[in-house]
Amino acid sequence: MKHRRITSNARETMGEWAPAFVQYSEEVLFGDVWRREELSLRDRSLVTVAALVAGEHTNQLPYHLNLAKENGLTEDELIEAVTHLAFYVGWPKAASAIQVAKQVFEKEC
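Because the structure is predicted, anything quoted here is derived from the model rather than measured.

Basis of the calculations
- Residues numbered from 1 in each chain as written.
- Predicted model: local features only at pLDDT ≥ 70, side-chain atom pairs only at ≥ 80, totals over all residues.
- Heavy atoms only, no water.
- Helix = DSSP H or I, 4+ residues; strand = E, 2+ residues; numbered from the N terminus.
- Buried < 20%, exposed > 50% of the residue type's maximum accessible area, 1.4 Å probe, protein only.
- Contact = heavy atoms within 4.5 Å.
- Areas by Shrake-Rupley, 256 points an atom, 1.4 Å probe, with all protein chains shown as cover.
- Phe/Tyr/Trp six-rings, centres within 6.5 Å; stacked < 30°, edge-to-face > 60°.
- Salt bridge = Lys/Arg side-chain N within 4 Å of Asp/Glu carboxyl O.
- Arc of directions from axis to C-beta.
- Patch = residues over 30% accessible without salt bridge, like charges linked within 9 Å, V, L, I, M, F, W, Y side chains within 5 Å.

Q: Tell me about the overall build of the protein chain, residues and numbers included.
A: Scanning the protein chain from N- to C-terminus turns up six helices and zero strands. Out of the 109 residues in the protein chain, the part that is buried amounts to 32%. Counting contacts in the protein chain only where the partners sit at least 6 residues apart, residues at least 24 apart contribute 62% of the total. Taken as a whole, the protein chain presents about 7200 Å² of accessible surface, with 55% of it coming from carbon and sulfur.

In structure tokens:
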């Protein structure tokens, strides 16, 4: 299975401040971890979104929600995943994620 290159916005947002962090993001995380063939990009995106919701890392959600859509997940599937997570990670975390998703998805219209 051939994967396309995934890039982050780390270089633009923190390249001058944390060059090693950017290097690890680009070379290890998106260059190696996301390239492993044991999971599809779609599955990796779903797992990543779930982890971000569970950890209430809403600052990272917009990027990964958009990436998940690029990787084949629909808005309905992503909202369903967050709704399902509400019962496992907590209602407030899921509610915060739904608000972020609403903003991200409405911005695309």
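Q: Report on the packing of aromatic side chains, specifying residues and quantitative values.
A: Tallied over the entire structure, the rule returns three aromatic pairs. Relative to W34, the ring of F30 has its centre 5.8 Å away and its plane inclined at 25 degrees; by these criteria the two rings are stacked. Here the aromatic residues F30, W34 and Y63 are joined through ring pairs into a cluster of three or more.

Q: Now, about the pattern of salt bridges: what can you tell me, with residues and values included?
A: Tallied over the entire structure, the rule returns four salt bridges. A salt bridge links E75 to K69; its shortest N-O distance comes to 2.6 Å. K69 sits in the partly exposed class, given a relative accessible area of 26%.

Q: A description of helix 2 (residues 19–29) should follow, citing residues and the corresponding values.
A: Along helix 2, the residues classified as buried are V22, S25 and E26. Take helix 2 and look down its axis: the buried residues cluster within an arc of 85 degrees, on one side only. Facing away from the buried surface of helix 2 by more than 90 degrees, the exposed residues are Y24 and E27.

Q: Residues and numbers for a nonpolar patch on the surface, please.
A: A cluster of nonpolar side chains, namely Y24, V28, L29 and V33, defines an oily patch on the protein surface of about 340 Å² accessible area. Inspection of the secondary structure assignment puts Y24 in helix 2.

Q: Now, about the environment of L65: what can you tell me, with residues and values included?
A: One can find L65 in helix 4 (residues 61–70). Classification of L65 by relative accessible area gives buried; the value is 1%. In this structure, the C-alpha to C-alpha distance between L65 and F105, residues 40 residues apart in sequence, is 8.7 Å. Those residues in contact with L65 that lie beyond four places of it in its chain are V49, L78, V100, A101, V104 and F105.

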